[in-house]
Amino acid sequence: MPEPRIDACDVLVVGGGPAGLSAAVALRSAGVERVVVAEREVVAGGVPRHCAHPGFGLRDRRRAWSGPTYARRLVEDALSAGVDLRTGTMVTDWAARDEDAGGGAPGLAVPDAWVTSPLGRARVVPRAVVLATGARERPRAARMIAGDRPDGVYTTGQLQAMVHLHGRAVGSRAVVVGSAPVAWSAVLTLREAGCRAVAMVTDGPAADIPAPAAVAAQAALGVPVVRRSHVVRIVGRQRVRAVEVRHLDTGAVATIDCDTVVLTADWTPESELSARLGLEVADGFAGPRVDAALRTSRPGVFAVGNLLHPVDTADVAALDGRHVARAVAGWLSDERDRPVATRVRPGWPFAWVAPGLLAAGAGVSANGRLLAWPTQRVRTPRVRVEQDGVVVAERTLRWPTAPGRAYRMPWSLLDACDPAGGDIVVGLRE
């Protein structure tokens, strides 16, 4: 077997979506010479490549492009900036500098990466690593939906790739599980494929988008929303024939005839590579815990995008990528361990809060925001920040929380907190 080639670079960015490509461009603009992006898909650009609807780029580009146009612009900018963009390239494992093979990365040095591509196996030796691996929707097995195992069950990402990238047909009658914004995106994709969404099933009392938008969407798309309900069983041997839906309050079970089921939201980070590095994990999901500068618990390893907040919009992920460049460039010029920090943890009704660390000297988070994932709708949230059991900040915000959407709070809520103190808890006053 031939010896794997060894490539050296200043920064290895793992993932070629909005966060990774934006990070790479910002690093090149900051004067970093050798920036390699490893993207496992044959075309870079991430999820926006198969999202045909408009609205991409509002925060980072001040444009409202379609997903494919936005993705194409990201790739063009990266190539123009001199980024070494390697598609069809997968980071499979890490290796410590004194190892000759893979199998993990002990120690605290910046790890080498084992990379597989059509050119063969290589060992990439970076001075810093930026993880931008994103997030995915949980498949059926992870949601523990009983029943048969027929064709016709997809996540939104699978559906959009089939329709927009490969031009494949789906069924004629679909049930969409979930009612967050991504579920309505799935309805639009189904419509383009000639498949009618006959029901949208949600466990909430209403669709997980603002009421006026929900009314308009239902009127325009004609999709009935089945509220306070769960899909508990899928019926069909070869192809989906129906789903069984149980009402959460009454226990009544109804059957809806369909030949397609789309599972939306219920996000989980693509955290396998960060787990292999043994990074400290954030509360509420399996992604790495970072500070405002997007530094992980391992010096020289940074993380950006929906790996940290599964899941927010593509342009928010791109802003993370821009934001991390300064910290990475600082590491390259003066490699030092991260300063003292304390954990930021979610309180009611948040499942997670990001960034999950408050570190001395880390500055303000990307876009000056603290992100959280609410599990309940609260019309007039009063945010409470506690440290060591003492309330250090309390503020009423004008925008309501809604399940299925990231909630944005001012980073200044943490101004009175002590990075050398105890854990910080961010929640709402019950």
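Residues numbered from 1 in each chain as written. Predicted model: local features only at pLDDT ≥ 70, side-chain atom pairs only at ≥ 80, totals over all residues. Heavy atoms only, no water.

A.B. asks: I keep staring at the overall build of the protein chain and nothing clicks. Help me out?
C.D. replies: Each helix and strand in the protein chain was counted, giving 8 helices and 26 strands. On C-alpha atoms alone, the protein chain measures out to a radius of gyration of 22 Å, which is about the 22 Å that the 2.2 N^0.38 rule sets for 430 residues. Seen through its principal axes, the protein chain has C-alpha atoms that stretch 60 × 60 × 40 Å. Relative to its full complement of 430 residues, the protein chain shows a buried share of 53%. Partitioning the contacts of the protein chain with sequence separation of at least 6, the portion at a separation of at least 24 is 64%. (Helix = DSSP H or I, 4+ residues; strand = E, 2+ residues; numbered from the N terminus. Rg over C-alpha atoms; globule rule 2.2 N^0.38 Å. Buried < 20%, exposed > 50% of the residue type's maximum accessible area, 1.4 Å probe, protein only. Contact = heavy atoms within 4.5 Å.)

A.B. asks: How do you make sense of helix H5 (residues 181–192) when you look at a structure like this?
C.D. replies: One full turn of an α-helix is made of 3.6 residues, so residues set three or four places apart face in the same direction. Across its 12 residues, H5 extends 17 Å between first and last C-alpha, which sits within 8% of the 16 Å expected from 1.5 Å per residue. Phi turns positive, to about 80 degrees, at Gly 194, one or two residues after H5. (Expected span 1.5 Å × (residues − 1).)

A.B. asks: Help me understand unusual backbone geometry, please; the structure alone is not making it clear to me.
C.D. replies: In terms of backbone geometry, most residues other than glycine have negative phi values and most peptide bonds are trans. The linkage connecting Pro 310 with the following residue, Val 311, adopts the cis geometry, with an omega of 10 degrees. Note on placement: Val 311 falls in the loop between strand E18 (301–303) and helix H8 (314–333). Between Ala 354 and Pro 355 the backbone carries a cis peptide bond, its omega angle lying at -5 degrees. In this fold, Pro 355 is placed in the loop between strand E20 (350–354) and strand E21 (357–359). Not every positive phi belongs to a glycine, and Asp 388 is a case in point at roughly 55 degrees. The topology assignment puts Asp 388 in the loop between strand E23 (382–387) and strand E24 (390–396). For Asp 388, a relative accessible area of 57% gives the class exposed.

A.B. asks: Even after reading the chapter, I still don't get the nonpolar core, so can you show me in this structure?
C.D. replies: One recurring pattern in soluble globular proteins: nonpolar side chains tend to sit buried together. Membership of the largest hydrophobic core comes to 81 residues, with the highest contact counts inside it found for Leu 131, Met 409, Leu 414 and Val 426. Looking at this core, the element that brings in the most residues is H8, giving 9 residues. Ignoring any residue separated from it by four or fewer positions in sequence, one finds Leu 131 in contact with Val 14, Trp 94, Ser 274, Leu 277, Leu 279, Val 301, Phe 302, Ala 303, Val 304 and Leu 307. One finds Met 162, Ala 207, Val 223 and Val 262 within the second-largest nonpolar core, a separate group that totals 19 residues. (Core = buried A, V, L, I, M, F, W, Y, C linked by side-chain atoms within 4.5 Å.)

A.B. asks: Even after reading the chapter, I still don't get the pattern of salt bridges, so can you show me in this structure?
C.D. replies: It is possible for side chains of opposite charge to pair when their charged atoms get near one another. In this structure the tally under the stated criterion is 28 salt bridges. A salt bridge links Arg 237 to Asp 148, with the nearest nitrogen and oxygen atoms 3.8 Å apart. With Arg 237 in the loop between strand E13 (229–235) and strand E14 (242–247) and Asp 148 in the loop between strand E8 (146–147) and strand E9 (153–155), the pair connects residues that are 89 residues apart, well separated along the chain. According to the relative accessible area criterion, Arg 237 is exposed, its value standing at 69%. (Salt bridge = Lys/Arg side-chain N within 4 Å of Asp/Glu carboxyl O.)

A.B. asks: It is not clear to me how the sheet that holds E21 should be interpreted in this structure. Could you clarify?
C.D. replies: By definition, the strands of a sheet pair up through backbone hydrogen bonds, in either a parallel or an antiparallel sense. An order of E21-E19-E26-E23-E24 is seen for the 5 strands of this open sheet, with the pairing classed as mixed. Both edges of this open sheet fall to E21 and E24, since each of them pairs with a single strand only. Within the sheet, the average angular offset between the axes of one strand and its neighbour, ignoring direction, is 20 degrees. Where E23 and E24 come together, 6 bridges link them in antiparallel fashion. From the neighbouring strand, Gln 387 faces E24, where its bridge partner is Val 390. (Pairing = 2+ DSSP bridges. Axes fitted to C-alpha atoms, helices over the stretch in contact; angles between N-to-C directions.)

A.B. asks: Would you mind showing me how to read helix H1 (residues 18–29) here?
C.D. replies: With 12 residues, H1 extends 16 Å between its outermost C-alpha atoms, agreeing within 8% with the 16 Å of an ideal straight helix rising 1.5 Å per residue. Of all the 12 residues making up H1, 9 are buried; the element is thus mostly covered by neighbouring parts of the structure. Every buried residue belonging to H1 is among Pro 18, Ala 19, Gly 20, Leu 21, Ser 22, Ala 23, Ala 24, Ala 26 and Leu 27, and all of these are buried. Tucked inside the fold, the buried residues of H1 contact strand E1 (5–14), strand E2 (35–39), helix H2 (67–80), strand E3 (84–87) and H8. In the stretch just after H1, Gly 31 is the one whose phi turns positive, near 95 degrees.

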